[in-house]
Structures are given as C-alpha cells and as structure tokens.
Amino acid sequence: MKVALGVCGGIAAYKAAEIVRLLQDRGIRVQVIMTDSAQEFIRPLTFAALSGEKVITGMFNRDGGAEPNIDSAIEHIAVAQSIDALVIAPATADLIAKFAQGIANDFLTTLYLATTAPVVVAPAMNVNMWDHPATQQNLGTLRKRGVKIVEPGSGYLACGMTGPGRLAENEAVVAAVMEALGAAQDLRGETVLITAGPTREKIDPVRYLSNRSSGRMGYALAEAALRRGARVLLVSGPTSLKPPSAAETTMVESAKQMLDAVLRLLPEASIVIKTAAVADYTIAKPSAQKIKRAAGMTLDLEPAPDILAETARHKKSQLVIGFAAETENVIENARKKLRTKSLDAIVVNDVSREGVGFDSDRNAVTILTGSETIPVSETTKWEVAQRVLDCVVELKRKSKVLAVSS
Ligand code: PMT
C-alpha cells in the first residue's frame, strides 16, 4: 500500500518524520510532499532518507535548469492515481482553507483535488486560529466531504498559549490512516505476545536439534496485529526474517530461553499467540567440546519445558491461543491439545501437506475454539493471520460480555 504524506509548515513538521517510520513499520510505502513553508522547518533530505523515496517539494521540478520538466508538471496526477490514502500532518489553517475552497495552487492542493483516495487531515495551529469560525467552517466542509479530521490535542502550544491546536499523537494519526486504508483498529489497546520460529537445542558448540519453522506464520501475525492497532511483543527463535520494527522483539535460541522470555512478558500481555515450533526434547547434557566422529552416537534427551502449559499455569485474564502442527488425526489431536493445555483456541495445520505449513508463504488451517470449528482453506499466511485475529477479537468481545454480565 502507498500513502502520500503532505507536510505543511509549522513547529510540528518534525513529528511527520516519526509518522513516516510508523507507517513503514506497518508495511506501507510513503511518498512525502512538502509545502514551501514546511521546508523552512525541516529539510526534504530528512524525509528522503527516511522514506527511501524522492520528496516532492514543488509543482515544477526544473532539474537545476530554467525550464520546468514536463514529467514533473503532471506528476500530481500520477501520484493521485497511485496512492491508497492522502494524509496531511501537520495541516495548517491555510491548507485546510485551500482544501475547503478547492484552491489548487501547489502540488499538495492539486493532489487533493486530483485524488479519489481517502483523505486524513491532522491539524496543528495556534489556539485562536483553531477556534476561529473560518477554520471551524472549513473543517465542517471537509468533514461533510468525508475527510477524516484527527482532532488536535490540547495543552501548551509553541506560540506560548494554552488550548487545542497541538498536532494529535503520532499513533492517533497513524490509526486514522490505517482506518482510512480499511484496516480495522479492533486490537487497539491490546498487547499481543507472539512466539515465532523454531527453537534450537544445543548438542555441542557446533550442532543443535531444531525443526523446519521459518517464523513466517508468527511474523505475519505480528505484522497483522500491529496493523490492527495492537502493541506487539514478539519472542522469536532464530530465523532469517526481519522482525517488524514496531514490534518489541526478544530473540531467543532454546526452549528454556523462550520460556523465560514468555513468562517475563506475560504480565504485560492481554493476548498470547504461540506459533513457535518449540522442541519437545532437549539434550540432557550438551557437550562443552565438539563431539568427535565415531562409529555411532546416542543422544540422551529429556523433555523440553512445555511453554504453553506453563503459560496456562501463570496466566491471569489473558486469552491464550496455541498452534498445533499435526500429520494425522489432525482435528481430533488438536481438540485434545485445546482441552489439556487449557487454551481459548487452537489453530491446527496439517504439516504433512505439500506447499503449506512449515517454511512456505502459504498455509491451510482450522481454528478450533470451545464451541466453533472455523476452516481456513489454503491461502497466504498473511490472510491466515487475519482470520486468526478475527477469531481473537470475537473471543475478546465474548469474554468482555461475560465479565460484564457476571
Ligand atoms: O514458521 P513457519 O515456517 O511459518 O511455520 C508455521 C508453523 C508450521 C510452525 C506453525 O503454523 C505451527 O504449526 N506452529 C506450532 C508448531 C508446534 O510446535 O506444534 P505442536 O503441536 O508441537 O505444539 C502445540 C503448541 O504447543 C504450539 O503452540 C507450541 O508453540 C506449543 N509448545 C510445544 C512444545 C513445547 N515444548 N512448548 C510449547 O509451548
């Protein structure tokens, strides 16, 4: 997805840099457009470095020469057609007035008229300018047109006055953009603890026991939960994937390290989802030295800690969702795990099937709760993550209803 971020001139212009990062954390490409006055407050280079895209600073890019470049003269149409949302943060009273009146005399105002994408406006200005009937009338006009206004915060303003006019918190601006992009913010306020990837049980300094988990399922859940507004605590075994930068990630190796991280973070979480493929057995006595080649070798194994069982033992009001990797009697075995591990739901995948499950971009699962069986036929892990989170949201809603009625 691609968002155009318009930055106007104001003290809050520097905050737009953080908004770029937060949007990128959610996998969104950001095209920054700066007004002339914004460039008095912050340099385009800052945004170019952060967004990795050319920053648009005017209607006519003269490429250092006297003649305007014809490509850049029609660029606003190309940008207008390529974006999924337009967000202005901070938006000045001047920009809001131009949008309301349909004045199109620079790149940003022209883009506003040329795009059919949803528009989000986050104003920031002096309290009297905000309260002025002209500004309020212009905002009313924009609201009637469906523009989402992210209300400014109240407090001490850069001009020395106190009152409304401070740019809303960056997270609130990003949440409004995500809503405009159609991503429900139904996990806002929740902290989701996700385990992902394999564990490694050390045999000696160069060898370990592990499995084929790539971490993709867990990382897709982390990314999807972030997009839906959650705070994400990701506990990951070794993978080659880059964790979403908005997730608070703890990297671990062994089942014991994963257990310690999960129990440490559990009190902060309201939802726990365990996609990690944790070792069931660990080496009883790992060798301090590399084991020499011999005619045969016997590994002495002992059970690894059952993180899910420990989570269930220590949990308070958290929802706990497990995953199950099965190869036979898939539903029956998963139902047993749902019961014996005291889970709120379990997501089972048949890992004997080709092209899904371990180390693939795709999966096919069945989500089991105490009362429901929800099949999710083969699709991307991103889509599976969305269906799992839909189920989590529903379970959360039911648990709140139960808490109120009891
Ligand atoms: O990582 P990918 O390549 O994307 O692959 C995704 C996946 C196949 C790993 C994932 O979809 C999946 O099935 N994860 C669960 C794998 C697993 O360990 O299943 P299990 O049936 O052995 O364990 C059941 C549950 O107990 C799991 O939630 C597991 O995290 C947990 N467990 C298992 C063993 C153990 N010692 N401690 C645990 O907490």
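Note: the structure precedes this text.
An account of the accompanying structure is given in this report.

Calculation rules
- Residues numbered from 1 in each chain as written.
- Predicted model: local features only at pLDDT ≥ 70, side-chain atom pairs only at ≥ 80, totals over all residues.
- Heavy atoms only, no water.
- Axes fitted to C-alpha atoms, helices over the stretch in contact; angles between N-to-C directions.
- Helix = DSSP H or I, 4+ residues; strand = E, 2+ residues; numbered from the N terminus.
- Parallel < 35°, antiparallel > 145°, perpendicular 65-115°, else oblique.
- Left-handed = near helix turned anticlockwise from the far one by under 90°.
- Contact = heavy atoms within 4.5 Å.
- Pairing = 2+ DSSP bridges.
- Polar contact = N/O pair within 3.5 Å; in protein donor to acceptor, adjacent residues only side chain to side chain.

**So, the packing of helix H1 (residues 15-25) against helix H10 (residues 170-180)**
Here is step 1: Running from N to C, H1 and H10 cross one another at 50°; their axes reach a closest spacing of 10 Å. Looking at the two axes, H1 sits oblique to H10. Crossing angle aside, the handedness with which H1 passes H10 is right-handed. For the pair H1 and H10, contact is made by Lys 15, Glu 18, Ile 19, Leu 22 and Leu 23 and by Asn 170, Glu 171, Val 173, Val 174 and Val 177, respectively.

**Some thoughts on the sheet that holds strand S13 (residues 271-274)**
Where strands meet in a sheet, backbone hydrogen bonds hold them as pairs that are either parallel or antiparallel.
Here is step 1: Pairing in this open sheet of eight strands is mixed, and the strands run S12-S11-S8-S13-S16-S17-S18-S19 from one edge to the other. Each edge of the open sheet is held by one strand with a lone partner, namely strand S12 (248-251) and strand S19 (373-380). Averaged over all pairs of adjacent strands, the angle between strand axes in this sheet comes to 15°, irrespective of strand direction.
Here is step 2: Inspection of the sheet shows strand S11 (residues 231-236) paired to S12 by four bridges, in the parallel sense. Each bridged residue has a counterpart across the sheet, and for Leu 234 the counterpart in S12 is Thr 249.

**Some words on the environment of Arg 29**
Here is step 1: With respect to the helices and strands, the residue Arg 29 is situated in strand S2 (residues 29-34).
Here is step 2: In this structure, the C-alpha to C-alpha distance between Arg 29 and Ala 246, residues 217 residues apart in sequence, is 15 Å.
Here is step 3: Reaching out from Arg 29, the side chain makes a polar contact with the side chain of Glu 53 at a distance of 2.9 Å.

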